[in-house]
Every structure is written in structure tokens, then in C-alpha cells.
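If you want the building blocks of each chain, they are given just below.
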Amino acid sequence: MKVAIRTVSIASAVLWVFLIAFAVSAVFSVKDFQLTFGELQSSISPENEVVFMLPVDIVNKGLYGISDFNVSTEIVDEQGFTLARGVTLVPLIGTGQTVNTTHQIKLKLNEILNGSTRFLFDDVDLRFAQTFSMKAAELIPVQASSNMSLSWGAPLYNFTLGRPQSSTEVVGQNEGYAGVAVPVSFENHAFFRLNGTLQVRVYNNVNVLIGTGKTSFDVPQGSAYHKGLMVDMTMQNVTSDGHYEVFVETPVFSVGPLVVPYV
Amino acid sequence: MFDETKKDSEGVPRKIVFRASKATIKGSVFYGVYFVLSQYMAPVFTLIPSFQHMIEAFVITYTVLLVVGELTGGTVYQHFLSMTKALFAVGYLMFLMGSGVISLSLGSVSVAVDLRLILTIAVLLSLLGVAKAVLEAVNYMSERAEPTAL
């Protein structure tokens, strides 16, 4: 009996010492783990996706390796709808190892802008939810999460199409056709330069197409656009009210038809 | 006859002093180990003061049981206290396991550390301590049992 008791005592003591030493050294080595984030950069991919890139530098000077290091990011709108998600996984960061990686979040702008015109015309507050998880000492799960507010700038903020301003100039040989100026204005609040074409179709109040016009534009970030778009219009079908159909095509997104009434 | 009684009466204080010294040394060593380890854990304790309080409460209670157990050495109470100590460790760890995930907020960042695996191993080791205490008590009682002539 005494031998059994002694054996159990020794085994128990050894295991306790091992467990406590491991737990304390694992916690102690976490302080030698450095995680640095670079500046968030953005670019447009060949697939017309906006790519946010976050450089991540991981330095592990601790006593144990770090496994399953995972950075995941979600961009969520005000209604909780996930617009984009990015995941970066580093399977193992050994002792004394430095890992430099880039966390990417791809935003399918075309889908988002076609899905909701809010993002086209209104500045929206988005939630940028970031979660980092890892296994300290390859055993103890640690997770950190943060929420940031991200302001989405609308590329066509305050987009306005004025009433067609009739001109006396007769276009072409057929009478009844005239060049009409449609005042167009908006501000580019987006984080990218906006260039492309703007096509407008003018309909009268009985849905008859009475004119079309197209123009190109190039609006730097944070700048306003105020110009008159020349539309060739059939004057005989003009009514006092109606609507426009607007098509916007840029390298980043294509939207349309957007229906804008005029009176 | 007189000499034996004198020897016994001299032996009792010596035994008490010996037990008290042993208890003091064991208690001091246990607390000393905690003190040294707590220096390494200082960054964590700074971040999570409640974790420090939990560990301190455990260490103090465990040390008291350890010291009292040593003072009652050689009696059946030693084994009761030994088992109480082991059961206390199991109970406390089970209580901690309920919230085995330690969460803290650092400004806008919230951090969660999942210690359930470590706590599970600790509970299993404490159960080993309970088993050891039971074996010791059984051994003590069997040694004390007087042989009966058949």
C-alpha cells in the first residue's frame, strides 16, 4: 500500500510541477509575442474588385510556437449585412520566427452598388469587425476582437439631374430635334478617382423615349462635378414632366438604369 | 517507569515543535513558490486583477489547509484535511471552469483566453490527489487496526 501511495504522490507532484511550469511559461512567453499592423492600403484588382490590404508583421520571441494564427475581417453595413469578408491563416509561427503577411479583404463593388443604391448616393457608416485568434504554446486558444467604424464615401453623392434646359439650336436636318442640356451634378466621396461614362435616356410622362445623351467624366477623389449633359431630344414628344434613365459605367462598377424623375 | 513517563512528556512538546516547524516550512515554501511564479505572471495580473484575486484566494485557502494538515500529522484528521484540500482544489477548479474563458477589454479590443484545457488537466490531477488521500486514510486505518486473535 505504501509503495502505491508513494508512486501516486511522486507522479502527482511531477505532473503538477510540469503543468504549472508549462502554464506560467506559456503566459510569460506571450509578452514576447509582437503583432504589428501596417497602414491599410486599397487597390482595384483586374476583376474590378476593391482590395483592402493590411500588412501584418508577427514576431514570436517567446518560448513556444504559435499555431493557427488567424486574422479575419468582416465589413458589415448598418443593417448587419456582410459586404465583404477576408481571412488570413498562418499555420505555425515557430520560436524566434518572424512572419510578414498581408491580410486581404476583397470588396465586390459592382455587386454592392447594384444591390443597393444607398452605397452609390449616400455616405454610409460601415462596421469593420476584426478578429485575431491563435493557439498560444500551440495549445491555449486566445482570441482578440475589435470593432471599428468605417465611413463609406458615396461615388455619386448628392447626384442631381436638373430639368432639361431647352436650346434653340436645331440639330441635324430634321426639324423638331434639338440639343438640350441636362444639368448633372454630384460629388465623388469615394476613396477612388471616378472616371467613366454617363449615359442618360429621357422619357416623357407616357414613357416614350424622347432623347439620349452620353458624356465622359473624370472626377478626382473628394471633388464635385457640375456640367450640362447634351441630349438630342425629339421636341414634338416633350412633356412638362417625365423621367430619366441613367447608366454609369466606370472601370470599377457599372450601374443602371437608375430612374430619376424630372418635373 | 518514571523515566518512560518523563521521556513521553518530553517527547510531546518536541513532536508539536517538529510539526509546527514542518508546517511553517511547507506553508512558506508553498507561498514562496506562488510568490516567485506570480512575478512571471505580473503582466497578466496587471491586465486582469480579478484573476489575481481568484488565484490568491485559492493559494491562501490551500496554504491554510496545508499547514493545518501538517499540524495534525500522525492523526486521522491529517487524512481528512488532505482529502478536504484535494476536494477544495477540485471544487475551486470546477468553479473556475464554469468561466474557463477569461475575457478582458483593452480599450476597443476585447481579448478572450480559453484556459479550459489547462483547468481540465488540473482537475484530473486534483482527483488523483483525492485518490491519494483516500489511499492514505485506508492505510492509516489498517495500520491502526489491532490484530484480533481468532
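Residues numbered from 1 in each chain as written. Chains lettered and ligands numbered in written order. Predicted model: local features only at pLDDT ≥ 70, side-chain atom pairs only at ≥ 80, totals over all residues.

## Description of the overall build of chain A
Now for step 1: Of the regular secondary structure elements, chain A holds 3 helices and 15 strands.
Now for step 2: Relative to its 263 residues, chain A shows a buried fraction of 24%.
Now for step 3: Here the contacts in chain A between residues at least 6 apart in sequence split such that 62% fall between residues at least 24 apart. (Helix = DSSP H or I, 4+ residues; strand = E, 2+ residues; numbered from the N terminus. Buried ≥ 20, exposed ≤ 12 C-beta atoms within 10 Å, placed from the backbone. Contact = placed C-beta atoms within 7 Å.)

## Here we look at the interface of chain B and chain A
Now for step 1: Of the residues lining the interface, 25 residues belong to chain B; the matching set on chain A comes to 25 residues.
Now for step 2: At the level of secondary structure, the elements contributing two or more residues to the side of chain B that touches chain A comprise α1 (2-40), α2 (42-47), β2 (109-114) and α5 (116-144) of chain B.
Now for step 3: When residues of the side of chain B that touches chain A are assigned to their parent elements, the largest contribution, 12 residues, is made by α5 of chain B.
Now for step 4: In terms of residue class, the side of chain B that touches chain A is built from 18 nonpolar, 4 polar and 3 charged.
Now for step 5: Both strand β8 (residues 140-152) of chain A and β2 of chain B contribute to a ladder of 5 bridges, which runs antiparallel. Its bridge partner lying in β2 of chain B, Ala 144 of chain A is registered against Val 111 of chain B. (Nonpolar A, V, L, I, M, F, W, Y, C, P; charged D, E, K, R; others polar. Pairing = 2+ DSSP bridges.)

## Comments concerning the pairing of β8 of chain A
All names here are of chain A.
Now for step 1: Across 13 bridges, the pairing between strand β7 (residues 124-136) and β8 is antiparallel. Residue pairing in the sheet places Gln 130 in a bridge with Ser 146 of β8.
Now for step 2: Linking β7 back to β8 in an antiparallel pair, the connection comprises 3 residues, with Ala 137 at a positive phi of about 55°.

## Comments concerning the environment of Pro 257 of chain A
All names here are of chain A.
Now for step 1: With respect to the element layout, Pro 257 can be found in strand β15 (residues 254-262).
Now for step 2: On the basis of neighbour count, Pro 257 is assigned to the partly exposed category, with 14 C-beta atoms found within 10 Å.
Now for step 3: The spacing of Pro 257 and Tyr 244 is 13 residues in sequence and 8.9 Å in space, taken between C-alpha atoms.
Now for step 4: Every residue in contact with Pro 257, bar those within four places of it in the chain, is listed here: Glu 245, Val 246 and Phe 247.

## Concerning unusual backbone geometry
Residues and elements named next belong to chain A.
Now for step 1: Unlike most non-glycine residues, Asp 68 shows phi in positive territory, near 50°.
Now for step 2: Mapped onto the elements of the fold, Asp 68 is located in strand β4 (residues 66-76).
Now for step 3: The exposure class of Asp 68 is partly exposed, given the 14 C-beta atoms found within 10 Å.
Now for step 4: Backbone geometry at Ala 137 places phi at a positive 55°, although glycine is not the residue there.
Now for step 5: Locating Ala 137 in the fold gives a position in the loop between β7 and β8.

## As for the sheet that holds β15 of chain A
Residue and element names in this part refer to chain A.
Now for step 1: Strand order in the open sheet made by the 7 strands is β9-β10-β13-β12-β11-β14-β15, with antiparallel pairing throughout. Each of the sheet's edge strands pairs with one partner strand only, and the pair in question is β9 (157-161) and β15. Between one strand and the next, the sheet's axes are offset by a mean angle of 20°, whatever the strand orientation.
Now for step 2: Across 8 bridges, strand β11 (residues 194-204) lies against strand β14 (residues 242-249) in antiparallel orientation. Looking at the pairing, Tyr 203 lines up with His 243 of β14. (Axes fitted to C-alpha atoms, helices over the stretch in contact; angles between N-to-C directions.)

## What to know about the sheet that holds strand β5 (residues 82-93) of chain A
Now for step 1: Taken together, 6 strands build an open sheet; the order of strands is β5(A)-β4(A)-β7(A)-β8(A)-β2(B)-β1(B) and the sheet is antiparallel. In this open sheet, the two strands that pair with only one neighbour each are β5 of chain A together with β1 (101-106) of chain B. Within the sheet, the average angular offset between the axes of one strand and its neighbour, ignoring direction, is 15°.

## Points about the confidence of the model for chain B
Residues and elements named next belong to chain B.
Now for step 1: In this model, chain B carries an average pLDDT of 83, and 89% of its residues clear a pLDDT of 70 or more.
Now for step 2: Across chain B, element-level confidence peaks in α5 with a mean pLDDT of 89 and bottoms out in α2 with 78.
Now for step 3: With pTM at 0.70, the complex prediction returns an ipTM value of 0.77. (pLDDT = per-residue confidence, 0-100.)

## What to know about helix α1 (residues 2-30) of chain A
Since one α-helical turn is 3.6 residues long, residues separated by three or four positions face the same way.
Now for step 1: For α1 of chain A, built from 29 residues, the straight-helix expectation of 42 Å at 1.5 Å per residue is met to within 8% by its first-to-last C-alpha distance of 42 Å.
Now for step 2: Buried within α1 of chain A are the following residues: Ala 23, Val 27, Ser 29 and Val 30 of chain A.
Now for step 3: Summarising the contacts, the buried residues of α1 of chain A are in contact with β1 (33-37) and β7 of chain A together with α2 and α5 of chain B. (Expected span 1.5 Å × (residues − 1).)

## Section: the packing of α1 of chain A against α5 of chain B
Now for step 1: The geometry of α1 of chain A relative to α5 of chain B is characterised by a closest axis approach of 10 Å and an angle of 160° between their N-to-C directions. When the interaxial angle is binned, α1 of chain A and α5 of chain B end up roughly antiparallel. Where α1 of chain A crosses over α5 of chain B, the handedness of that crossing is left-handed. Touching Lys 2, Ala 4, Ile 5, Val 8, Ser 9, Ser 12, Leu 15, Trp 16, Leu 19 and Ala 23 of chain A of α1 of chain A are Ile 118, Ile 121, Ala 122, Leu 125, Leu 128, Gly 129, Ala 131, Lys 132, Leu 135, Glu 136 and Asn 139 of chain B, all from α5 of chain B. (Parallel < 35°, antiparallel > 145°, perpendicular 65-115°, else oblique. Left-handed = near helix turned anticlockwise from the far one by under 90°.)

## Focus on the confidence of the model for chain A
Now for step 1: Overall, the prediction assigns chain A a mean pLDDT of 86, with 96% of residues at 70 or greater.
Now for step 2: Taken element by element, chain A is modelled with least confidence in helix α2 (residues 109-115) of chain A, mean pLDDT 78, and with most confidence in β4 of chain A, mean pLDDT 92.

## With respect to the environment of Glu 70 of chain B
Now for step 1: Tracing the sequence through the fold places Glu 70 of chain B in helix α3 (residues 49-71).
Now for step 2: Expressed as a C-alpha distance, the spacing of Glu 70 of chain B and Ser 21 of chain B, which sit 49 residues apart in the sequence, is 9.3 Å.

## Concerning α3 of chain B
Now for step 1: With 23 residues, α3 of chain B extends 33 Å from end C-alpha to end C-alpha; this agrees with the ideal 33 Å at 1.5 Å per step.
Now for step 2: Turning to α3 of chain B, its buried residues number three or more, namely Val 67, Gly 69 and Glu 70 of chain B.

## What about the nonpolar core?
Now for step 1: Ile 66, Phe 69, Met 134, Ala 136, Ile 140 and Val 142 of chain A together with Ile 118 of chain B are the most contacted members of the largest nonpolar core, which totals 25 residues.
Now for step 2: With residues up to four places along the chain from it excluded, the contact list for Phe 69 of chain A reads Ile 58, Val 90, Ile 93 and Met 134 of chain A.
Now for step 3: Counting 19 residues, the second-largest nonpolar core is a separate cluster that includes Phe 119, Ala 154, Phe 159 and Phe 253 of chain A. (Core = buried A, V, L, I, M, F, W, Y, C linked by C-beta atoms within 7 Å.)

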